[in-house]
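Here is how the chains run, residue by residue.
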Amino acid sequence: MAKSALQIARAAYAPKVPKTLRGTVKIQEGAATQSVSDQAEIKKLFPNTYGMPLVTFATDTDKQNAAAINVGVILSGGQAPGGHNVIAGLFDGIKAINSGSKLYGFLMGPGGLIDHKYQELTADIIDEYRNTGGFDMIGSGRTKLETPEQFDKGLEILKKLNISALVIIGGDDSNTNACVLAEYYAQIKAGVQVIGCPKTIDGDLKNEMIETSFGFDTACKVYSEVIGNIQRDCNSARKYWHFIKLMGRSASHIALECALQVQPNVCLISEEVEAKNQSLDDVVQYIADIVAERAAKGNNFGTVLIPEGLIEFIPAMKKLMAELNDFLAHHAEDFARVRRSEQRQHIIANLSASNSKIYESLPETVARQLTLDRDPHGNVQVSLIETEKLLAEMVGNRLNEMAAAGKYKGKFAAQVHFFGYEGRCAAPSNYDADYCYSLGYTASCLIGAGKTGYMSSVRNTTAPAAEWLAGGVPITMMMNMEKRHGEMKPVIQKALVRLDGAPFKKFASQRNAWAFNTEYVYPGPIQYFGPTEVCDQPTKTLAIELA
Ligand code: FBP
């Protein structure tokens, strides 16, 4: 593999780790846990892995003599910067337990376990990928591990390779599956532990014990750099409004973090739109009013940040999408037989009157995008819905109406952008390189301590890395019951932006000034070398949350 100069220099970077992980570790067990809600149902579904204690690791003075272990690892779902470092940390951790330990990577996601596609990850391979972005060491995929047949098929290869622990690196859905798998293997006494690691650029896998999911830091820094570049261009030419959609599926954490970093003129927060029960029309009017007010001062330019999942949070659209999800889940085969040109009419005829009316009012492209295949977890693929174009077009139309009524005088020209994939495989920031390596190493400690059904947890991450706290959280603790594919299922609760949380409050207190004045910040690229105040800062979200 040809390497860039940065890659060569980064290979030498030694990730910073909590000081408790530097020698042999001992486990400390805390209090028993409960799921976040629906306790009775979750307890019934997870009799072997429910209620386990929180655990932390401390330095041990006794030298341990542990046996070699074989461990499997899977990268699951969307790419996130730092995944390779989780694997490197895990590798170094199991080698520290016993140098005869082996690590096997299952290829292209959970499907690799079921199809018995794997590769032994030796030191040479691991060294090639230290501190690099991407998931290409073993690939990733979105196959949902959910049936006992899949679990049994996986167990065949685990037994063949003498693997006694499996680490699943994934988002909320993949960690939910990790928990179901842990419970199943515990129930059939398979002798295989399952450990999860919190990954997703979306930042929505976090709670009291998981401060952030890895990849969020780097992805937001990459997006903020390019938004900053656009803002500088925008402020130089002063002739365009840039509508920028940002990845993040449901939650608006990425949009909020980027807003805190770049101070745009407008940033929509889906969770607020929902809380205020706003319609699409309200959102359009909100933006159009800011455009008009800036135009009145001669500023016919600006930036609008749009979270990827916005459309699902507009209450009327949410109801429509819920009915559409149920309809498509229950009539998938019939719908596939309907001719493409007749699909829109078919849906209009089959939805309830109110939803049918809204669906009918949508532009053709958006209506079609709403019926595209769901991902294997039943989610609408919001990255395929072009809300940035929809809003730019609707704001333009609204401004024309306002101009006709004498309420707007200006020039409106829009440019649209979608930043998503360009941030997911970036070289990890120092924060993500350190955090990921520590998460992987902690996973090895959980394995060494015989735990299963736990998620690796590293906390206190706004302090210097030496003071970070490594431990494990029972995955059942993060669960609640939700409707998926038309059925109630136990799933890890997604962490949405909290409107009473400090990051949102900070944004809300400043957004009017950013809307009407031009107070852009141009953060520039991630720095890997240089002073700590430039290279080692966490996201603003985390810094504000933990302040
Ligand atoms: P994960 O939740 O699996 O980490 O995926 C995150 C994400 O990047 C979302 O932000 C986005 O909506 C989705 O993946 C896109 O999925 P795909 O890579 O399958 O197009």
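What comes next is a walk through the structure. Only a predicted model underlies this, so the values are computations on that prediction, with no experimental measurement involved.

Here the focus is the overall build of the protein chain. In terms of helices and strands, the protein chain carries 23 helices and 15 strands. Along the three orthogonal principal directions, the C-alpha set of the protein chain runs to about 80 × 60 × 45 Å. Counting over 547 residues, the protein chain shows a buried share of 57%. Within the protein chain, contacts between residues separated by at least 24 positions form 78% of all contacts whose residues are at least 6 apart in sequence. Accessible area of the protein chain: about 22100 Å², with a carbon and sulfur share of 51%. Here the protein chain carries 56 positive and 60 negative side-chain charges, and the mean point of each set is 2 Å from the other.

In this section: the sheet that holds strand S8 (residues 241–246). One open sheet accounts for four strands, arranged S9-S10-S8-S11; its pairing is parallel. Since the sheet does not close on itself, it has two edges, and those belong to strand S9 (266–267) and strand S11 (414–419), each with one partner. Direction of pairing for S9 relative to strand S10 (residues 302–307): parallel, over a ladder of two bridges. Of the residues in S10, the one forming a bridge with Cys-267 is Leu-305. Helix-sheet contacts for helix H9 (residues 253–262) involve S8, S9 and S10, and the interaxial angle to S10 is about 155°. Contacting S8, S9 and S10, helix H11 (residues 280–296) runs over the sheet at an angle of about 150° to S8.

Overall, mixed pairing links the nine strands, which are arranged S1-S2-S13-S12-S7-S6-S3-S4-S5 in an open sheet. The sheet is open, and its two edges are formed by strand S1 (25–32) and strand S5 (118–120), each paired on a single side. Neighbouring strand axes in the sheet, compared pairwise and without regard to direction, differ in orientation by 25° on average. Judged from the six bridges that link them, S1 and strand S2 (residues 53–59) form a sheet pairing that is antiparallel. Within S2, the position partnered with Gln-28 by the bridge is Thr-56. Strands strand S3 (70–75), strand S4 (102–106), strand S6 (163–170) and strand S7 (193–198) of the sheet are contacted by helix H3 (residues 83–97), whose axis makes an angle of about 175° with S3.

Here we take up the side chain of Asn-131. Secondary-structure assignment places Asn-131 in the loop between helix H5 (123–129) and helix H6 (148–160). Of the residues examined, Asn-131 reaches a relative accessible area of 2% and is grouped as buried. Within the local environment of Asn-131, its side chain forms a polar contact with the backbone oxygen of Arg-10, the two atoms lying 2.8 Å apart.

Here we come to helix H20 (residues 430–448). In a regular helix each residue adds 1.5 Å, so 19 residues correspond to 27 Å; H20 covers 27 Å between its end C-alpha atoms and thus fits that length. Among the 19 residues in H20, 18 count as buried, and that is most of the element.

How two aromatic rings sit relative to each other is given by the distance of their centres and the angle of their planes. Using the criterion set out here, one finds 12 aromatic pairs in the structure. Residues Tyr-184 and Tyr-185 carry aromatic rings whose centres are separated by 6.1 Å and whose planes lie at 55° to one another, so their mutual orientation is tilted. Residue classification places Tyr-185 among the buried residues on the basis of a relative accessible area of 1%. Cluster of aromatic residues (ring-pair linked, three or more members): Tyr-104, Phe-106 and Tyr-118. Here Arg-294 stacks its cationic end above the ring of Phe-301, 4.9 Å away from the centre of that ring.

By nearness alone, 14 residues border the ligand, and Gly-78, Arg-142, Asp-202, Glu-308 and Tyr-421 come closest of all. One nitrogen or oxygen atom from the side chain of Arg-249 is found 3.5 Å from an oxygen atom belonging to the ligand. The fraction of the free accessible surface of the ligand (480 Å²) that becomes covered by protein chains is 86%.

Applying the stated criterion across every chain yields a total of 25 salt bridges. The partner of Glu-156 in a salt bridge is Lys-153, and the shortest N-O contact between them spans 3.5 Å. One end of the pair is Glu-156 and the other is Lys-153, both in helix H6 and three residues apart, which spans about a single turn. Given the relative accessible area of 46%, Glu-156 is considered partly exposed. Taking the relative accessible area as the measure of exposure, Lys-153 reaches 35% and is therefore partly exposed.

Glancing now at the state of the cysteines. Applying the stated criterion to the full structure yields zero disulfides. Free cysteine Cys-445: the closest other cysteine sulfur is in Cys-197, separated by 11 Å. By relative accessible area, Cys-445 is classed as buried at 7%. Among the cysteines around Cys-535, which has no disulfide bond, Cys-436 carries the closest sulfur, lying 17 Å off.

With that settled, consider the nonpolar core. Core analysis: the biggest nonpolar cluster contains 109 residues, and Ile-87, Leu-103, Val-167, Tyr-185, Tyr-223 and Leu-246 have the highest contact counts within it. Beyond its immediate chain neighbours, meaning those up to four positions away, Ile-87 contacts Val-73, Leu-75, Leu-103, Leu-121, Ile-126, Met-137, Ile-138 and Ile-169. With 45 residues, the next largest nonpolar core counts Leu-280, Met-321, Val-366 and Ala-367 among its residues.

This paragraph deals with the side chain of Glu-272. Mapped onto the fold, Glu-272 is located in helix H10 (residues 270–275). When near neighbours in sequence (up to four residues on either side) are disregarded, Glu-272 contacts Leu-499, Phe-504 and Arg-511.

Within S10, six of the six residues are buried, leaving the element largely enclosed by the surrounding structure. Burial along S10 is two-sided: the face carrying Gly-302, Val-304 and Ile-306 and the face carrying Thr-303, Leu-305 and Pro-307 are both buried.

This part covers the packing of helix H8 (residues 216–237) against H9. Where H8 meets H9, the axes come as close as 9 Å, and the angle between the chain directions of the two elements is 50°. Looking at the two axes, H8 sits oblique to H9. The element H8 and its partner H9 pack so that their crossing is right-handed. Contacts between H8 and H9 involve Phe-216, Cys-220, Lys-221, Tyr-223, Ser-224, Ile-227, Gly-228 and Gln-231 from the first element and His-253, Ile-254, Glu-257, Cys-258, Gln-261 and Val-262 from the second. Classifying every residue of the contact of H8 with H9 by side-chain character gives seven nonpolar, five polar and two charged.

Reading guide: rules and limits
- Residues numbered from 1 in each chain as written.
- Predicted model: local features only at pLDDT ≥ 70, side-chain atom pairs only at ≥ 80, totals over all residues.
- Heavy atoms only, no water.
- Helix = DSSP H or I, 4+ residues; strand = E, 2+ residues; numbered from the N terminus.
- Buried < 20%, exposed > 50% of the residue type's maximum accessible area, 1.4 Å probe, protein only.
- Contact = heavy atoms within 4.5 Å.
- Areas by Shrake-Rupley, 256 points an atom, 1.4 Å probe, with all protein chains shown as cover.
- Lys, Arg positive; Asp, Glu negative; His and termini not counted.
- Charge placed at Lys NZ, Arg CZ, Asp CG, Glu CD.
- Pairing = 2+ DSSP bridges.
- Axes fitted to C-alpha atoms, helices over the stretch in contact; angles between N-to-C directions.
- Polar contact = N/O pair within 3.5 Å; in protein donor to acceptor, adjacent residues only side chain to side chain.
- Expected span 1.5 Å × (residues − 1).
- Phe/Tyr/Trp six-rings, centres within 6.5 Å; stacked < 30°, edge-to-face > 60°.
- Lys NZ or Arg CZ within 6 Å of the ring centre and 35° of its normal.
- Near = heavy atom within 4 Å.
- Salt bridge = Lys/Arg side-chain N within 4 Å of Asp/Glu carboxyl O.
- Disulfide = S-S within 2.5 Å.
- Core = buried A, V, L, I, M, F, W, Y, C linked by side-chain atoms within 4.5 Å.
- Parallel < 35°, antiparallel > 145°, perpendicular 65-115°, else oblique.
- Left-handed = near helix turned anticlockwise from the far one by under 90°.
- Nonpolar A, V, L, I, M, F, W, Y, C, P; charged D, E, K, R; others polar.

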